[in-house]
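Here is how the chains run, residue by residue.
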Amino acid sequence: MAYYGKCIETVIGQLDKFKAKKGSAEQFLEAASTALQTLSPQKQAFILEVLSGCLEYQKLLAVVVDAFYVRAGCLCPRADYSLFEVICYLATFQLEELGFQLFCDVVRSQPVDKMRKFLGFFFNPLNLCSWITDEWSLIYETAYVRENWIGPLMRWQPEVQKLINQLEEVLANQSVSKTKAKVTEPKEFNLTVPRPRSIPVPEPVPVVAKSKPVPRSTYQPPKEQQLLETTKRHNRWKAEELLLRANMEEMRCAVPRSRGEPPMQDSQKTLQPRLLPRILKTPKLTFYKTNNVPVKLNTAAILREGSLYQRQVEKELERVDKLVDGAGDFSEFLEWQRKVQAEGREEQLAASECHRLQGKLSHEEAILARQRLVQGNKEKADQKKEETAELMQQCAERRLREERSMKELVQRVAEVQKNVKVAQTKLLRGRQQIVQEVIEESRELLQRSAEAAGEEQQRRRELISQLRALETQPVRQGKLVDLTQIPGYGLEGEMSVVELRERLALLKETRRREEEEKRDQIIQGKRARSQELQNVVEQISLCRAAMGRSAALRWEERKARSAAPAAPSQDERVLELQRKVEEKAAERRRQAALLRVPAPRAAHRKPRAQLEAQHWLELEQSRERRLRALQRSGSVCGHARRLEAA
């Protein structure tokens, strides 16, 4: 049995090597035969035959062994994979040749429990006739598998079952012998009894102080928020004043005026009484007056303006030609357009007034909602106070009961803990002794590690000195190069470095001459463009002068039209919103009187709201005047172009 056991171990080792290398089977068998020359011829022949058979039918054997690990051999280690392959090969292909008795000796030479599990799984008739046959039929023909492998295995199955029963008896005898052995009796550790936990001294029951009433400022907005709103409103007014002043003084150089008359006189007379109080109240505001400073235009702006004037002149000439031919005028259409624009502006003013009244209405509704929320919060706070008082009373009673029970428990425990100090002293001495021993051992280990580190450091120093000595040895570097010599590689256009440099110098000189010629051409083109721009600028100045003269003729007409104030339009939506706002304000005052809640400061700022509405109205009027001025300036420009064309 030991003889067959060694042979099987040799085959298993060779199979493991083949799986690790994953080479060709023929080369591996040749290498294995050379490695087994030291063995006897009989043993060498047996090992090589089994090894070659396992390699040849490896796919068939892998089907059985893999299924064994999945179904029955879950607890078997994967290191025994080759062992099960060898046993499966001997049972399938060598059982007739070896004989059943020799096969039994081989099986008994291996671990009994593993062989019992594998043989019971492999020689199970249900497995042989079902899935093993199906899996092997996928690799070989079904008739060949049933006739040459499955049939002999089924014939040997009764005898193999007897062998399995013998192996089970051997396992049972081994388990009985193991039970008769002397069992180790464990002893209880002599552990230190932990000391009981100390019971904490009960804390005194706190006396709940009388709570202060909720301050009145809780239901009022904070002063910081009010200051921020005031600052925000003041900054907004400053920005609006700057916008008004910019609207008054915008494009002063482009608006013509009569001789001896200051600019924007009519607008200043109209807005001065309204804006004077705000301008006086606004601190540190500096307004810069714009003068008729000439603006320097770039090339694109000059060409763009020149082309614009040219197109305008062409259009005016076409219009004059059409008038000469009998075409109609656009005066009626322009009058209708002005009326439509006036109606649109009135509609826009009504819409802005509606938007402002809607905001005021939503503000009143928000105040009412806040008053209702304050009343609800007061009721909830009163209910919460009552519930808190009841809970505090119950908590005080429970703590008194707990305090009495804790005092009794402390008295009982104090009697038990009289000898605790003596036990603590003994335990402390033992621990100190253990700590002293550990310190001495650690000191010795540190000394040894320091000596080893010193030796390693000395060895490294010697290696470094040797490396530095090798680095200091002289090394010959570089070689002589002849720049006038041709390399001689046989390439087309091959030349020396000196010739290459000369050709590069000639090429640079040629490029320099080309760049100078291009530069001269660019300078000439720039001069021609500058002359063209100068001509365009002269033409633009003439057009602007003509436009200024024509605009001066219409200035008096524009002042007369802008002096007449526009009557404010009344809209049904505006009246309806004003009525709703008054109703909400009256309801809010009634609610405040009932709840005795002071009205917000926004309600006492009625004059301020009126001033704000008046301010926005003035801003809209200034925008209308600006729009009319732009329209009139456009009509003046058209008249000037017609005069210039005539």
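None of the values given here were measured: they were computed from a predicted structure.

S.K.: Pulling in residues and values, what's your account of the overall build of the protein chain?
M.R.: The helix and strand tally for the protein chain stands at 19 helices and zero strands. The contacts of the protein chain with a sequence gap of at least 6 include a subset with a gap of at least 24, amounting to 80%. By element, 55% of the accessible surface of the protein chain is carried by carbon and sulfur atoms, the whole surface being about 48700 Å².

S.K.: Explain a positive patch on the surface to me, using residue names and the numbers behind them.
M.R.: Positive charge collects at one region of the surface, where R398, R399, R401 and R404 lie side by side. Within the fold, R398 resides in helix α15 (residues 331-416).

S.K.: If you had to explain the UniProt feature "coiled-coil region" (unreviewed entry) in the protein chain to someone new, which residues and values would you point to?
M.R.: On the UniProt side, "coiled-coil region" (unreviewed entry) is annotated at positions that read residues 374-426 and 497-524 here. In the segment residues 497-524, helix accounts for 100% and strand for 0%; the C-alpha atoms at its two ends are 41 Å apart.

S.K.: Let's hear about the nonpolar core: which residues, and what values?
M.R.: Judged by nonpolar contacts, the single largest core of 61 residues is most densely connected at V86, L119, F122 and W136. Excluding residues that lie within four positions of it along the chain, V86 makes contacts with I8, V11, I12, L15, V50 and C54. Membership of the second largest hydrophobic core comes to seven residues, among which are I302, L533, I540 and M547.

S.K.: Requested: an account of the packing of helix α5 (residues 81-93) against helix α8 (residues 112-122), with residues and values cited.
M.R.: Put simply, α5 and α8 touch, their axes get as near as 11 Å, and they point 50° apart. Judged on the interaxial angle alone, α8 and α5 are oblique. For the crossing formed where α5 meets α8, the hand is right-handed. Residue-level contacts link L83, F84, I87, C88, A91 and T92 of α5 to K114, M115, F118, L119 and F122 of α8. Class assignment of the residues belonging to the contact of α5 with α8 gives a composition of nine nonpolar, one polar and one charged.

S.K.: Kindly report on a negative patch on the surface, identifying the contributing residues and their values.
M.R.: A contiguous patch of negative charge, built from E379, D382, E386, E387 and E390, is present on the exposed surface. Looking at the element boundaries, E386 is found in helix α15. What makes E386 exposed here is its relative accessible area of 56%.

S.K.: Run through the packing of aromatic side chains, naming residues and quoting values.
M.R.: Enumeration over the complete set of coordinates arrives at 18 aromatic pairs. On the basis of an interplanar angle of 55° and a centroid distance of 5.7 Å, the ring pair of F68 and F121 is categorised as tilted. Residue F68 is found in helix α4 (residues 58-71), and its partner F121 is found in helix α8; the two are separated by 53 residues along the sequence. In this structure, F68 and F121 share a single accessibility class: buried. Members of the aromatic cluster, each reached through a chain of ring pairs, are F68, Y69, Y81, F84, F118, F121, F122, F123 and W131. The lysine or arginine in question, R71, covers the ring of W131, its NZ or CZ lying 4.6 Å from the ring centre. Sitting over the ring of Y69, R78 keeps its end group 4.4 Å from the ring centre.

S.K.: Lay out the confidence of the model for the protein chain in plain terms, naming residues and giving numbers.
M.R.: Per-residue pLDDT for the protein chain has a mean of 76; in total, 78% of the residues score no lower than 70. Taken as a whole, residues 253-293 scores under 50 in pLDDT and shows 49 contacts with residues more than four places along the chain or in a different chain. Across residues 597-606, confidence stays below pLDDT 50; counting only partners more than four residues off in sequence or on other chains, it has 10 contacts.

S.K.: Kindly report on the packing of helix α9 (residues 125-139) against helix α10 (residues 142-155), identifying the contributing residues and their values.
M.R.: As a packed pair, α9 and α10 sit with axes 10 Å apart at the nearest point and diverge in direction by 150°. In terms of axis orientation, α9 runs roughly antiparallel to α10. α9 and α10 meet at a crossing whose hand is right-handed. Contacts between α9 and α10 involve P125, L128, C129, I132, T133, W136 and S137 from the first element and T142, V145, R146, W149, I150, L153 and M154 from the second. Here the contact of α9 with α10 is built from residues that sort into 10 nonpolar, three polar and one charged.

S.K.: Give a description of the environment of L171 that names residues and reports values.
M.R.: Take L171: it is sitting in helix α11 (residues 157-180). A relative accessible area of 22% means that L171 is categorised as partly exposed. C-alpha separation for the pair L171 and R116, spaced 55 residues apart in sequence, amounts to 9.4 Å. Contact partners of L171, with chain neighbours within four places excluded, come to V112, D113 and R116.

S.K.: Any chance you could break down the pattern of salt bridges for me, citing the residues and the numbers?
M.R.: For the coordinates displayed, the defined rule picks out 16 salt bridges. Across the salt bridge formed by E403 and K407, the nearest N and O atoms sit 3.7 Å from each other. You can see E403 and its partner K407 sitting in helix α15, four residues apart, about one turn around the helix. With a relative accessible area of 21%, E403 lands in the partly exposed category. E499 is the salt-bridge partner of R503, the closest N and O atoms lying 3.0 Å from each other. Of this pair, R503 and E499 both sit in helix α17 (residues 497-563), four residues apart, roughly one helical turn. Residues joined in a network through salt bridges with shared partners are E509, R512, R513 and E516.

S.K.: Describe the environment of H363, with residues and values.
M.R.: By secondary structure assignment, the location of H363 is in helix α15. Relative accessible area serves as the criterion here: at 39%, H363 is assigned to the partly exposed category. The spatial distance from the C-alpha of H363 to the C-alpha of V581 is 9.4 Å, given a sequence separation of 218 residues.

S.K.: Describe the environment of F123, listing the residues and the values that go with them.
M.R.: Along the polypeptide, F123 turns up in the loop between α8 and α9. Counting along the chain gives 38 residues from F123 to Q161, while the straight-line C-alpha distance between them is 7.9 Å. Residues within four places of F123 in sequence aside, it is in contact with A91, L128, L153, Q157 and V160.

Each value, and the rule that gives it
- Residues numbered from 1 in each chain as written.
- Predicted model: local features only at pLDDT ≥ 70, side-chain atom pairs only at ≥ 80, totals over all residues.
- Heavy atoms only, no water.
- Helix = DSSP H or I, 4+ residues; strand = E, 2+ residues; numbered from the N terminus.
- Contact = heavy atoms within 4.5 Å.
- Areas by Shrake-Rupley, 256 points an atom, 1.4 Å probe, with all protein chains shown as cover.
- Patch = residues over 30% accessible without salt bridge, like charges linked within 9 Å, V, L, I, M, F, W, Y side chains within 5 Å.
- Salt bridge = Lys/Arg side-chain N within 4 Å of Asp/Glu carboxyl O.
- Lys, Arg positive; Asp, Glu negative; His and termini not counted.
- Charge placed at Lys NZ, Arg CZ, Asp CG, Glu CD.
- UniProt positions renumbered as here; feature names shortened; annotations may be inferred.
- Core = buried A, V, L, I, M, F, W, Y, C linked by side-chain atoms within 4.5 Å.
- Buried < 20%, exposed > 50% of the residue type's maximum accessible area, 1.4 Å probe, protein only.
- Axes fitted to C-alpha atoms, helices over the stretch in contact; angles between N-to-C directions.
- Parallel < 35°, antiparallel > 145°, perpendicular 65-115°, else oblique.
- Left-handed = near helix turned anticlockwise from the far one by under 90°.
- Nonpolar A, V, L, I, M, F, W, Y, C, P; charged D, E, K, R; others polar.
- Phe/Tyr/Trp six-rings, centres within 6.5 Å; stacked < 30°, edge-to-face > 60°.
- Lys NZ or Arg CZ within 6 Å of the ring centre and 35° of its normal.
- pLDDT = per-residue confidence, 0-100.

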